[in-house]
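Structural characterization, general
Listed below are the residues making up each chain.
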Amino acid sequence: RFILAHEDPDEGTVDVNTDARVGYFSQFSELDGAASVQEVLEAVFADVRAIEQELEQVGADASVPDLAPARMEKLLDRQAELLEAMEQRDGWDYPRHIETALTKLGFNETRRHQPIETLSGGWRNRASLAQILLTQPDVLLLDEPTNFLDVEGVAWLEEWLRSFRGGLILVSHDRQFLDAVVTRIVEVENYHLHDYPGIYSEFIRAKPFRIKTLEKQFLHEEELLTLEAEAIADRQELAQNPTPGTLRKLADIKKRRPPRPMDQLITTMYGSLRTPENLLRVEQAGKRYGDQTLFSEVSFEVRRGDRVAIVGPNGVGKSTLLRTLTGDEKLDTGRILWESGVKFSDFSQVQRDLDPKDTVTHAVNVTGLAYAATRKEVGRFLTLLQFSETDQQAKIGTLSGGQRARVALAVCLLSGAGVLLLDEPTNHLDLASTQVMEQALAHFPGALVVVSHDRFFLDKVATRLLIFGGAGEVEAFEGNWTTWSSAKRL
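This write-up is about the structure you can find in this document. In this text the structure is predicted, and so the values were computed from the model without any measurement. (Residues numbered from 1 in each chain as written. Predicted model: local features only at pLDDT ≥ 70, side-chain atom pairs only at ≥ 80, totals over all residues. Heavy atoms only, no water.)

Structural notes on the pattern of salt bridges
Short version of the rule: When a carboxyl oxygen of Asp or Glu lies within 4 Å of a side-chain nitrogen of Lys or Arg, that pair is called a salt bridge. Strands are runs of DSSP state E lasting at least two residues, helices are runs of H or I lasting at least four, and both sets are numbered from the N terminus onward. Exposed residues in this analysis have more than 50% of their type's maximum accessible area, buried residues have under 20%, and partly exposed residues fall in between, with area computed by a 1.4 Å probe over protein chains only.
Under the definition given, this model contains 25 salt bridges. The partner of Glu438 in a salt bridge is Arg175, with the nearest N and O atoms 2.4 Å apart. Note that Glu438 is positioned in helix 18 (residues 431–443) and Arg175 in helix 8 (residues 175–181), a separation of 263 residues in sequence. When sorted by exposure, Glu438 lands in the same class as Arg175, which is buried. Where Glu438 meets Lys460, a salt bridge forms, and the shortest distance between an N and an O atom there is 2.8 Å. Of this pair, Glu438 sits in helix 18 while Lys460 sits in helix 19 (residues 455–461), placing them 22 residues apart in sequence.

Structural data, given as structure tokens:
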């Protein structure tokens, strides 16, 4: 927003070349109105179409019989100028560029001619992304561009950005996408920017070395501060209850005082969750919309410990299948059989049901597993999901979309349900929250059914895939995204 001059910094300066054309994509599209997506994208090439019209006019003028030599020379000079302008603008191919963008971003013939005001937020985002890319700016500012894109759309965007000659500043939590397109990582941490050369994978390897260097510098000071804090806590407890029993208790606590790591916190909170072996059975499931078959004869079982990922292009029925599991959609054929007593938690429904007047901490503490945990443990769990003590007391109605998604995620993870149903759970989550979710799901004793296009997330979480190929075809595969992709290439 500083670069766009939408906000001013409190200190320092932001200098942008006044001749630079800046393209900005926000994950919350501002496109609206009665124009269709096709019309909006054609408007990007208004200058090219003007050149085309003038070329036609020049051609018509030059074909007039008995034209004066001076007039013909002037027309030919203008024609040469216009042809050069078309070459510089790559104007001859603009219909193909529009067609490619619309196709790769998933717009079928119906959607590309719909008024933008009738499209959902996700499809408006795609239209906005197509518009910005086709303008060919000097600098691209992209805020979470892969949200709402399927894997094919993300792959096309990666390829497009690799050939983009301008500068790119990208905010993204999609790790494989970062590996594909960036050359530098700038991490915002503890109110500072830390600059790392290379892709995301290189940043992950480089950061621990920087942290170790800092740890060596402050290790002695940290130890002294920890001892001092423990001594103060001991003195306060002794002041309240100055008995030999308290002294023995404090000595015992001191032996066990090192803080538990994140995994131990998560397994402790899941310690009271008991899940049966068999959870869910889907038999010969089929669903159609009009003449379109989304899926047919889909059968699978979900048992304790299963991690089932539903993958495939947009619009082929992945989320619809998830909604049939919750009962929000009805199957046309087949049946869904939940084992008696098995409960599920639906991430999308939890987000919709959040009370804007509730606080973060109360919304999570009234959740199933939170009853068996201490408030301190729940508070630490929320801290892992990037909620400060102040954030935890905030009203849900005042939170950003990403913060609300994190609250819903905490409620799902601590719901006590035996099956978690997650539709694009990494959308709107920062990397730290995604990593906490991955760790929580790794220790979750129940089962998971997830729809996601985040390939890195799928590799860390999924053990089985249901691959939707369109035209009703669904393939089952034992393994994660990378093992399936590798097998497909063989």
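With respect to the sheet that holds strand 6 (residues 278–289)
Quick reminder of the rule: When DSSP finds two or more bridges between a pair of strands, those strands are recorded as paired. Axis lines are fitted to C-alpha atoms, over the contacting stretch for helices. Their N-to-C directions set the angle, which ranges from 0 to 180 degrees.
The three strands lie next to each other as 7-6-9, forming an open sheet whose pairing is antiparallel. Because the sheet does not close on itself, it has two edges, and the strands there are strand 7 (292–303) and strand 9 (333–338). Within the sheet, the average angular offset between the axes of one strand and its neighbour, ignoring direction, is 15 degrees. The sheet contact formed by strand 6 and strand 9 spans five bridges and is antiparallel. Its bridge partner being in strand 9, Arg281 is matched across the sheet by Leu337.

Concerning the pairing of strand 3 (residues 167–171)
With five bridges connecting them, strand 2 (residues 139–143) and strand 3 associate as parallel partners. Its bridge partner lying in strand 3, Leu140 is registered against Leu168.

A look at a nonpolar patch on the surface
Quick reminder of the rule: To count toward a patch, a residue needs a relative accessible area over 30% and no salt bridge; like charges are then connected within 9 Å, while nonpolar side chains (Val, Leu, Ile, Met, Phe, Trp, Tyr) are connected within 5 Å. Only the protein chains shown count as cover for residues, with accessible areas throughout obtained via the Shrake-Rupley method and a probe of 1.4 Å.
A surface patch of nonpolar side chains, amounting to about 430 Å² of accessible area, comprises Phe2, Ile3, Val14, Val16, Val22 and Ile169. Structurally, Val14 is set in the segment before strand 1 (22–25). A relative accessible area of 36% places Val14 in the partly exposed class.

A word on helix 4 (residues 94–104)
For clarity, the cut-off: Note that the arc is computed from the directions linking the helix axis to the C-beta atoms.
Residues of helix 4 that are buried include every one of Tyr94, Ile98, Ala101 and Leu102, and no others. For helix 4, the arc enclosing every buried residue in end-on projection is 95 degrees, short of the 170-degree limit, so these residues lie on one face. Backbone geometry just after helix 4 places Gly106 at a positive phi near 90 degrees.

With respect to the environment of His443
Mapping His443 onto the fold places it in helix 18. In sequence terms His443 and Gly305 are 138 residues apart; their C-alpha atoms lie 9.3 Å from each other.

Topic: the packing of aromatic side chains
Stated formally: The pairing test for Phe, Tyr and Trp rings, Trp by its six-membered ring, is centres within 6.5 Å, and the orientation test on the planes gives stacked under 30 degrees, edge-to-face over 60, and tilted for anything in between. A ring is considered to have a charge above it if a Lys NZ or an Arg CZ atom is located within 6 Å of its centre and within 35 degrees of its normal.
The final tally for this structure, using the stated rule, is 10 aromatic pairs. With centroids separated by 5.6 Å and ring planes inclined at 65 degrees, the aromatic side chains of Tyr270 and Phe444 adopt a geometry described as edge-to-face. Note that Tyr270 is positioned in the loop between helix 11 (262–269) and strand 6 and Phe444 in the loop between helix 18 and strand 12 (447–451), a separation of 174 residues in sequence. With respect to class, Tyr270 is no different from Phe444; both count as buried. Of note, Arg126 hangs over the ring of Trp123, and the distance from its end group to the ring centre comes to 4.2 Å. Taking the ring centre of Phe387 as reference, the NZ or CZ of Arg406 above it sits at 4.8 Å.

Section: the side chain of Asn365
Stated formally: For this analysis, a polar contact is any N or O atom pair within 3.5 Å, provided that within protein one partner can donate a hydrogen and the other can accept it, and provided that sequence-adjacent residues contribute only side-chain to side-chain pairs. By definition in these notes, contact holds between two residues if any of their heavy atoms fall within 4.5 Å.
As for its position among the elements, Asn365 is in helix 14 (residues 360–365). Residue Asn365 is classed as buried on the basis of its relative accessible area of 11%. A distance of 2.8 Å separates a polar atom in the side chain of Asn365 from the backbone oxygen of Thr361. Setting aside residues up to four positions removed in sequence, Asn365 forms contacts with Ala370, Tyr371, Arg375 and Val378.

A few points about the environment of Arg288
Relative to the helices and strands, Arg288 is located in strand 6. Given the relative accessible area of 40%, Arg288 is considered partly exposed.

Section: unusual backbone geometry
The phi dihedral of Glu144 is positive, around 50 degrees, even though this residue is not glycine. The residue Glu144 is located in the loop between strand 2 and helix 7 (151–163) in this model. Accessibility expressed as a relative area gives 9% for Glu144, which makes it buried. The phi dihedral of Gln284 is positive, around 50 degrees, even though this residue is not glycine.

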